[in-house]
Amino acid sequence: MRILIIHDSGASGGPFRFLKRLLSIHRDNGLASLLLIPDDVQEPAFYELGIQYAVPVISRSNRNQPGTLSLLTPFGDLLFSWREVLNWQPDLIIVSTTNPGRMSAIFYFPCPVLYVLHSAPDQRFSFWAQAYLRLGTSWRRNMVMTVSSAAAHMIESYMGIPGEKIRVVHNSSPVLPRPVVDRRPLILTVGHMEEYKNPVGWLEVAELVIRQRPDVGFVWLGEGKLRAQIREDVACRGMAGQVNLPGYTEETASWYDQAQIYFQPSLKESHGIAVLEAMAHGLPCIVSDREGLPESVINGKTGFVCPVENSAMFASCILRLLDESSLRQQMGAEGRLRIFECFSVEVQEKKILSLYDYLQGQA
């Protein structure tokens, strides 16, 4: 099978990790791949992936920019991709994007399309946009793949794509060796420091906890627009000794192994790969009740799920886990088991290959 992958996101975060996993699946199953990226996200990491997995990487200019009229975007998408479709003659096209509706013109090429949407829409599409997407997904066996049931519901409700055309394939994490036992009183968060990740609420919770436990540290790994503001707020609140913002790093494993608790108070989260990674490292997770996060964390069993606006509840749950080491270990063990049963790379691979069979008319 020849597969054209159109990746519309940058070289960091969940979509990039998904791309690496996808290329690994293709290599292990003898599937020939070609990777097409817009030249505005051109980064050495993509070409390194191409070398690692023996996949050609091609970049093209996409005329669609912020502010482009929605009626014109399909033509920009087609101009961006038609050469590779014509020359590569793929049996399947995979679109991987975080922007709902982006690259949806690909549905109209004469081969099956799997449209992988890593985020969920936050507003209803127009009648005409919904009709365009319904028609595109009805063409051949085209499907939309997303990362959680919550995201699937929003795609159906806001984009107008029929539910039978949407498949949920959760993110995954490797099942890791038994975690270390001797950990520091450290609360870890990993992700882009953007508004939807709720770093302002995160800092409020950190202050509530540190007032009662000044020996506790909070760490947020990640870059973003709000990092400078949060750093200033940390200094103003006199918490520079307890709150650490190291920025982005690919070497997250050592941080997971040091921490006692993982904390994710996101305002929006389609699923959350970092939460899965924390569970795989044996950490109990405290997360908000938004979108896909409760699909990973079982409240009271693998961690706690709290209302996103309730900083006091977040702080109370963190303090409880800091004080009860046996509960931390129990929840961490349950989280690792849940990764093995529901979110392992083997489970994800099996579901993706099953989708390929369906799209090719073999299932």
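Since the structure is predicted, the reported quantities are computational estimates derived from the model, not experimental observations.

**Remarks on the overall build of the chain**
1) Next: Helix and strand counts for the chain stand at 13 helices and 13 strands.
2) Next: For 363 residues, the compact-globule formula gives about 21 Å, and the C-alpha radius of gyration of the chain, at 21 Å, lands near that figure.
3) Next: Over its C-alpha atoms, taken along the principal directions, the chain stretches across nearly 65 × 40 × 35 Å.
4) Next: The buried share of the chain, taken over its 363 residues, is 54%.
5) Next: Contacts spanning at least 24 positions in sequence make up 68% of the contacts within the chain whose residues lie at least 6 apart.

**Quick look at the pattern of salt bridges**
Between side chains of opposite charge, a pair can form when the charged atoms approach closely.
1) Next: Overall, the coordinates contain 14 salt bridges when judged by the stated rule.
2) Next: As a salt-bridge pair, glutamate 269 and lysine 197 come within 2.9 Å of each other at their nearest N and O atoms. Note that glutamate 269 is positioned in the loop between strand S11 (261-264) and helix H9 (273-280) and lysine 197 in the loop between strand S8 (186-190) and helix H6 (199-212), a separation of 72 residues in sequence. Taken as a pair, glutamate 269 and lysine 197 share a single burial class, namely buried.
3) Next: Between arginine 213 and aspartate 323 there is a salt bridge, and its shortest N-O distance comes to 3.0 Å. Here the residue arginine 213 occupies a position in the loop between H6 and strand S9 (217-221), and aspartate 323 occupies one in helix H11 (residues 311-323), the gap between them amounting to 110 residues.
4) Next: If you follow the salt bridges from partner to partner, you end up with Glu207, Arg211 and Arg237 in one network.

**Regarding unusual backbone geometry**
1) Next: Notably, asparagine 198 is not glycine yet its phi reads approximately 65°, a positive angle.
2) Next: Residue placement: asparagine 198 occurs in the loop between S8 and H6.
3) Next: Given a relative accessible area of 11%, asparagine 198 falls into the buried group.
4) Next: Although it is not a glycine, glutamate 291 sits at a positive phi angle of roughly 50°.

**Thoughts on the sheet that holds strand S3 (residues 57-60)**
1) Next: In spatial order, the strands read S3-S2-S1-S4-S5-S6-S7; together these seven strands make up an open sheet with parallel pairing. Where the open sheet ends on each side, the last strands, each with one partner, are S3 and strand S7 (166-168). When the angles between neighbouring strand axes are averaged without regard to direction, this sheet yields 25°.
2) Next: Across five bridges, the pairing between strand S1 (residues 2-7) and strand S2 (residues 32-38) is parallel. Each bridged residue has a counterpart across the sheet, and for isoleucine 3 the counterpart in S2 is serine 33.
3) Next: Running at roughly 150° to S3, helix H2 (residues 44-53) makes contact with S1, S2 and S3 of the sheet.

**Concerning a nonpolar patch on the surface**
1) Next: On the surface, Leu79, Trp82 and Leu86 cluster together to form a nonpolar patch covering roughly 290 Å² of accessible area.
2) Next: With respect to the helices, strands and loops of the structure, leucine 79 is situated in helix H3 (residues 73-88).

**Let's talk about helix H5 (residues 149-159)**
1) Next: Here H5 has its buried residues at Ala150, Ala151, Ala152, Met154, Ile155 and Met159.
2) Next: On the buried face of H5, the contacting elements are strand S5 (113-117), helix H4 (127-138), strand S6 (143-146), S7 and helix H10 (293-296).
3) Next: After H5 finishes, the residue glycine 160 shows a positive phi value of roughly 80°.

The rules behind the values
Residues numbered from 1 in each chain as written. Predicted model: local features only at pLDDT ≥ 70, side-chain atom pairs only at ≥ 80, totals over all residues. Heavy atoms only, no water. Helix = DSSP H or I, 4+ residues; strand = E, 2+ residues; numbered from the N terminus. Rg over C-alpha atoms; globule rule 2.2 N^0.38 Å. Buried < 20%, exposed > 50% of the residue type's maximum accessible area, 1.4 Å probe, protein only. Contact = heavy atoms within 4.5 Å. Salt bridge = Lys/Arg side-chain N within 4 Å of Asp/Glu carboxyl O. Pairing = 2+ DSSP bridges. Axes fitted to C-alpha atoms, helices over the stretch in contact; angles between N-to-C directions. Patch = residues over 30% accessible without salt bridge, like charges linked within 9 Å, V, L, I, M, F, W, Y side chains within 5 Å. Areas by Shrake-Rupley, 256 points an atom, 1.4 Å probe, with all protein chains shown as cover.

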